[in-house]
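# Inside the fold
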Amino acid sequence: MKKHPQRTFTSEEQQLLEEIIVHRRDVRGNRFLTTPIPESAMDTILQAALAAPSVGFSQPWEFVMIKDQETKQAVKESFSEETANAATLFEDQKQKEYIQLKLEGILESPINLAVFYTPKAGPVLGQTSMPNMGKYSVVCAIQNMWLMARSLNIGMGWVSILDPEKVKEVLNAPPTHQLIGYLCFGYTDMFYNQPELELRKWDRKKLQKEVVIQEKYR
Ligand SMILES: Cc1cc2nc3c(=O)[nH]c(=O)nc-3n(C[C@H](O)[C@H](O)[C@H](O)COP(=O)(O)O)c2cc1C
């Protein structure tokens, strides 16, 4: 993509970004299609990750692209173990609802992406007081991919019900790497208009006035 030094955006372009943000969804295995993702589309998504902000421009990320069904199966086993444990933490009706939810799309998605935080040995500019900033930078990269994928009509689902050490073992990841996100990409039969968990009444959407505090907490 060509970069212009003094690029400004029109209101139509701003609205387009708003549309992409509003229509982004977490996509799970109940919606993924088997249609392969072209390499060029995956490159566009990865370039969006590499364009993300990072503390001290540290770019503390690495991405493992997984297409092999056996590898996915090994990761799915960790999900199955973790989700069985997780279900016991919810009570009564919530537990029943939890069990019925589809909370991943590891096997159904043609491309899984494990995203790692790769800490530096020495001090990082901007990360000297708040040590988690490197990890937050990796999350910025993930959000960029989520939005770019959506603009390509490709769904992305974030799977966090996993034992990160098991995933590292499956992927032969170096000991210092930390798993930040395990993502599933794929075309979908549809994108929901609202979060699936809202649709299924797991929780309701918070309003701006509930979460924005003017000046100070009282
Ligand atoms: C850090 C993070 C971890 C998540 N982990 C999971 C997960 O393990 N399984 C799942 O089904 N969804 C997961 N999600 C997706 C959320 O459930 C989803 O973003 C939320 O319900 C709002 O829906 P939306 O993304 O479609 O707007 C995760 C999202 C984030 C940001």
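Here's what I pulled together on the structure shown here. (Residues numbered from 1 in each chain as written. Predicted model: local features only at pLDDT ≥ 70, side-chain atom pairs only at ≥ 80, totals over all residues.)

### Quick look at the overall build of the chain
This is how it is decided: Starting at the N terminus, helices and strands are each numbered in turn, a helix being any DSSP run of H or I of at least four residues and a strand any DSSP run of E of at least two. Each residue gets a C-beta atom placed from its backbone, and two residues are in contact if those atoms lie within 7 Å.
Helix and strand counts for the chain come out as eight helices and four strands. Counted from the first residue to the last, the chain has its helices and strands arranged as α-α-β-α-α-β-α-β-α-β-α-α. Along the first, second and third principal axes, the C-alpha set of the chain runs to 55 × 45 × 40 Å. Counting only contacts in the chain whose residues sit at least 6 apart along the sequence, the fraction spanning at least 24 positions is 85%.

### Here's the deal with the sheet that holds strand S4 (residues 178–186)
Condition: If DSSP finds at least two bridges between two strands, the strands pair. Axis definition: a line fitted to C-alpha atoms, over the contacting stretch in the case of helices. Angles run 0 to 180 degrees between N-to-C directions.
Taken together, four strands build an open sheet; the order of strands is S1-S2-S4-S3 and the sheet is antiparallel. On the outer flanks of this sheet lie strand S1 (61–66) and strand S3 (155–159), each paired with one strand and no other. Neighbour-to-neighbour, the strand axes of the sheet open up by a mean angle of 25°, direction not taken into account. Where strand S2 (residues 111–117) and S4 come together, seven bridges link them in antiparallel fashion. Following the sheet pairing, Ile111 is matched in S4 by Phe185. Against the sheet, helix H5 (residues 133–151) makes contact with S1, S2, S3 and S4, and its axis sits at roughly 5° relative to S4, the strand it touches most.

### A look at H5
Just so we agree on the cut-off: Here the expected length of a helix is defined as 1.5 Å per residue gap, with one fewer gap than residues. Labels follow a simple rule on C-beta atoms placed from the backbone: if 20 or more others lie within 10 Å of a residue's own, it is buried; if 12 or fewer, it is exposed; otherwise it is partly exposed.
Here H5 spans 27 Å end to end across 19 residues, near enough to the 27 Å set by a 1.5 Å rise per residue. Where H5 is concerned, the buried positions are Gly134, Ser137, Val138, Ala141, Ile142, Met145, Trp146, Met148, Ala149 and Arg150. Contacts from the buried residues of H5 go to helix H1 (11–23), helix H2 (39–50), S1, S2, S3 and S4. Once H5 ends, the next one or two residues include Asn153, with phi positive near 60°.

### With respect to the environment of Met42
Inspection of the secondary structure puts Met42 in helix H2. Note: C-alpha distance between Met42 and Met148 (106 residues apart in sequence) is 9.8 Å. Met42 has contacts with Ile37 and Ile111, leaving out every residue within four places of it along the chain.

### Structural notes on the packing of H2 against H5
How we decide: Crossing chirality is assigned from the near helix's rotation relative to the far helix, an anticlockwise turn below a right angle marking it left-handed and a clockwise turn marking it right-handed. Each residue gets one of three labels, nonpolar for Ala, Val, Leu, Ile, Met, Phe, Trp, Tyr, Cys and Pro, charged for Asp, Glu, Lys and Arg, and polar for the others, Gly among them.
As a packed pair, H2 and H5 sit with axes 7 Å apart at the nearest point and diverge in direction by 145°. Crossing hand, H2 versus H5: right-handed. Facing Thr44, Ile45, Ala48 and Ala49 of H2, the residues of H5 in contact are Ala141, Asn144, Met145, Met148 and Ala149. Considered class by class, the residues forming the contact of H2 with H5 number seven nonpolar, two polar and no charged.

### What about unusual backbone geometry?
Non-glycine residue Asn153 carries a positive phi angle of around 60°. Within the fold, Asn153 resides in the loop between H5 and S3. For Asn153, a count of 11 C-beta atoms within 10 Å corresponds to the exposed category. Phi is positive for Glu215, which is not a glycine, with a value near 70°. Structurally, the position occupied by Glu215 is in the segment after helix H8 (208–211).

### Structural notes on the nonpolar core
Our working definition: Each nonpolar core reported here comprises buried Ala, Val, Leu, Ile, Met, Phe, Trp, Tyr and Cys residues connected via C-beta atoms within 7 Å.
Counting residues in hydrophobic clusters, the biggest one holds 35 residues, and the most contacted among them are Ala114, Val115, Met145, Ala149, Met156, Tyr182 and Leu183. Contributing elements (two or more residues each) for this core: H2, S1, helix H3 (69–87), S2, H5, S3, helix H6 (164–170) and S4. Ranked by the residues each element gives to this core, the list is headed by H5, at seven residues.

By themselves, these observations are geometric and do not establish any function.
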